[in-house]
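# Descriptive structure summary
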Amino acid sequence: MTAPVREADSDSRTTVHRRPLSFGRFVAGAQARGALVVQPRMGFSDPALMRAGLKATKGAADAVVGTMTIDSYTRVNDEASAARALDSGVPLNGFPITSYSPHTSRWVLDGVRDAGFPVQIRHGSARPQRIVAALARLGLDATEGGPVSYCLPYGRTPLLDSVRNWQESCEVLAALRGTGAEPHLETFGGCMLGQLCPPGLLVAISALEAIFFHRAGLRSISLSYAQQTNVAQDREAMRALHRLADEFLPDTDWHIVLYTYMGLYPQTRHGSLELLERSAELAVETGAARLIVKTVAEAHRIPTVAENIEALRVAARAAARHRTELGARSGNAPAPVADPADNAVYAEARALVEAVLNLDEDLGQALLKAFARGYLDVPYCLHPDNAGRTRSHIDGSGRLTWSEIGAMPLGPVRDRGRRLTAAGLFDALSFVQRRHDRIVPPSASRPSLPTAARRPAAHRQHTQEVAS
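Residue indices begin from 1 for each chain and proceed along its sequence in written order. Per-residue local features of the predicted model are confined to residues with pLDDT of at least 70, and side-chain atom pairs are confined, for both listing and counting, to 80 or more; whole-chain, interface and lining totals are unaffected and use all residues. Side-chain measures were taken over the full set of non-hydrogen atoms in the model, leaving aside hydrogen atoms and water.

We now examine the overall build of the chain. Secondary structure elements are defined from DSSP: runs of H or I of at least 4 residues count as helices, runs of E of at least 2 residues count as strands, and each element is numbered from the N terminus. A count of helices and strands for the chain gives 16 helices and 10 strands. We call a residue buried when its accessible area falls under 20% of the maximum for its residue type, exposed when it is over 50%, and partly exposed in between, using a 1.4 Å probe and counting protein chains only. Counting the 468 residues in the chain, one finds 58% classified as buried. Once local pairs closer than 6 in sequence are excluded, the contacts in the chain between residues at least 24 apart make up 75%. Note on areas: Shrake-Rupley, 1.4 Å probe, and residue coverage restricted to the protein chains presented here. Approximately 18,600 Å² of the chain is accessible, and the part contributed by carbon and sulfur atoms is 51%. Whether two residues touch is decided by their heavy atoms; if any such pair falls within 4.5 Å, the residues are in contact.

Shown next as structure tokens:
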């Protein structure tokens with residue numbers, strides 16, 4: 001490979017290369033043949049490592065989506081710091097897509113991304129315009145985020161700015177339809193703060209961001225939800241998300257993407273793998289088309305490529321096994337995805353969605369008004385535009401419930417007024433971790449994962465696996 005070329009020194013023309021089969025159609029095709037699409041979260045600043053990581057995950061399972069996660073500097077448009085790190089040989093925690101030339105980034109993807117292996121750009125930015133422009137120049141057309149979910153948890157960017165930035169970015173993505181592409185955008189709203197956010201609010205924000213994307217012209221959308229603390233409640237949430245998508249996303253190719261639990265992860269190998277398998281089973285039971293996996297290293301350090309491959313394979317096998325078991329129990333009759341009657345999560349999410357949509361015909365303005373009035377209020381979120389008057393707790397059955405609803409239009413809440421102490425908050429945060437670490441492993445010979453020292457060179461631990 002030739003030396004990486006910086007964006008500023010390269011040809012910045014927006015020539016669009018021939019595009020492979022669309023992201024959404026790939027996922028739909030896998031779902032039609034009964035395969036759960038599995039996907040890692042992975043990004044390296046070294047182009048050779050990024051290319052090798054994509055190649056290594058490509059064949060890990062029957063249906064895999066590639067990921068290029070963007071580094072923290074690029075997410076906040078601090079390209080000067082990204083450039084200094086690259087000049088100094090300091091690895092970043094993701095791929096700086098706006099700092100490398102299109103020539104370098106195309107080399108990373110050349111011969112790797114194809115109709116059977118689409119690649120999604122994941123970034124976490126409330127200011128995604130330059131990232132979206134860069135991925136469009138590469139002929140890519142799949143990314144994720146949202147005006148709420150990539151603003152409130154991650155910084156102090158005003159929600160007003162985030163809404164405007166995401167409106168512009170959605171319009172750029174939607175315009176790619178004129179090139180023959182079918183751009184795909186995934187909401188991150190179902191993953192707000194990763195934990196301790198009751199599912200009704202997660203489902204509502206995911207649905208509202210999907211409606212925001214639809215009104216901006218996108219017609220290939222996925223709606224996210226993160227596995228939480230109680231499997232029965234998670235099933236309700238996933239069915240609620242299906243139902244809201246049916247109701248509010250006409251003429252849209254949509255699917256549901258489930259995230260393996262995003263809070264404090266089990267520290268033992270058997271606990272982490274057991275939790276991953278449960279998330280794959282939940283995906284199959286509730287009609288999710290795609291699963292974002294986590295690895296055995298999540299509680300300790302940045303995972304290696306080999307650990308990402310293991311997670312993909314474990315999840316794919318668990319999904320296939322559970323699908324077969326469900327088919328045997330039901331005589332191969334498909335299980336219903338949506339509840340025939342309102343479940344508790346759907347009723348709560350629908351109330352929130354309707355309250356927001358009634359605030360303004362412009363959904364961006366409606367979201368701003370909703371947070372200003374406290375109709376949407378994320379517990380334990382410190383962003384200045386979040387009212388911060390809601391609180392949640394885990395009840396005796398393990399369900400996430402409200403203890404304080406602030407001004408959210410949800411009516412009386414059981415156990416309202418219960419206050420969560422610092423010790424109680426820690427117990428709630430570590431609830432899933434402790435529950436799965438206590439599980440007796442199926443084999444006493446299966447070792448737990450030792451804690452590894454954190455390395456300042458974030459990608460150094462990946463080198464051996466990729467090079468081999």
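This part is about the pairing of strand 9 (residues 390-394). Within strand 9, four of the five residues are buried, which leaves it mostly tucked inside the rest of the structure. Pairing geometry for strand 9 and strand 10 (residues 400-405), over five bridges, is antiparallel. Across the sheet, Thr390 pairs through a bridge with Ile405, a residue of strand 10. Any two strands with at least two DSSP-identified bridges between them are counted as paired. Between strand 9 and strand 10, which follow one another and run antiparallel, lie five residues, and Gly398 among them has a positive phi close to 90°.

Moving on: the pairing of strand 5 (residues 184-187). The alternating pattern of strand 5 places His184 and Glu186 and Leu185 and Thr187 on opposite faces, both of which are buried. A clockwise course of the path from the first strand over the helix to the second, judged with the strands pointing away from the viewer, identifies a crossover as right-handed. Each parallel crossover has a hand, and the one from strand 4 (residues 142-145) via helix 7 (residues 159-175) to strand 5 is right-handed. Direction of pairing for strand 5 relative to strand 6 (residues 220-226): parallel, over a ladder of two bridges. Bridge pairing links Glu186 to Ser222 in strand 6.

It is worth spelling out the environment of Glu182 at this point. You can see Glu182 is positioned in the loop between helix 7 and strand 5. For Glu182, a relative accessible area of 18% puts it in the buried group. Put simply, Glu182 and Gly24 are 158 residues apart on the chain and 7.9 Å apart in space, counted from C-alpha to C-alpha. In contact with Glu182, other than residues within four places in its own chain, are Ser22, Arg25, Arg177, Arg219 and Ser220. Each polar contact in these results corresponds to two N or O atoms within 3.5 Å; when the atoms are within protein, one needs to be able to donate a hydrogen and the other to accept it, and residues that are neighboring in sequence are counted only if both atoms are side-chain atoms. Only 3.2 Å separates the side chain of Glu182 from the side chain of Arg177, close enough to count as a polar contact.

In summary, the pairing rule links any two rings of Phe, Tyr or Trp, Trp by its six-membered ring, whose centres are within 6.5 Å, and it sorts them by plane angle into stacked for under 30 degrees, edge-to-face for over 60 and tilted for everything else. Applying the stated criterion across every chain yields a total of six aromatic pairs. On the basis of an interplanar angle of 40° and a centroid distance of 4.9 Å, the ring pair of Tyr150 and Phe188 is categorised as tilted. Separated by 38 residues along the polypeptide, Tyr150 in the loop between strand 4 and helix 7 and Phe188 in the loop between strand 5 and helix 8 (199-215) bring together distant segments of the chain. Since its relative accessible area comes to 5%, Tyr150 is described here as buried. Through a chain of ring-to-ring contacts, the aromatic side chains of Tyr150, Trp166, Phe188, Phe212, Phe213 and Tyr259 assemble into a single cluster. For a lysine, the NZ atom is tested; for an arginine, the CZ atom; a charge sits over a ring if that atom is within 6 Å of the ring centre and within 35 degrees of the ring normal. The aromatic ring of Trp107 is capped on one face by Arg51, whose charged end is 5.1 Å from the ring centroid. The residue whose ring lies beneath Arg243 is Tyr346, and the NZ or CZ to ring-centre distance is 4.1 Å.

Let us look at unusual backbone geometry. Both trends apply: most residues other than glycine have a negative phi, and most peptide bonds are in trans. Phi at Asp251 takes a positive value of approximately 45°, unusual for a residue other than glycine. Take Asp251: it is sitting in the loop between helix 9 (231-248) and strand 7 (253-259). Positive phi, close to 65°, is recorded for Tyr380, a residue that is not glycine. Within the element layout of this structure, Tyr380 appears in the loop between helix 13 (363-373) and strand 9.

Below, the discussion takes up the confidence of the model for the chain. Summary of the metric used: pLDDT quantifies the predictor's per-residue confidence within the range 0 to 100. Chain-level pLDDT for the chain is 85 on average; 81% of the residues reach the 70-or-more range. Across residues 444-468, confidence stays below pLDDT 50; counting only partners more than four residues off in sequence or on other chains, it has 42 contacts.

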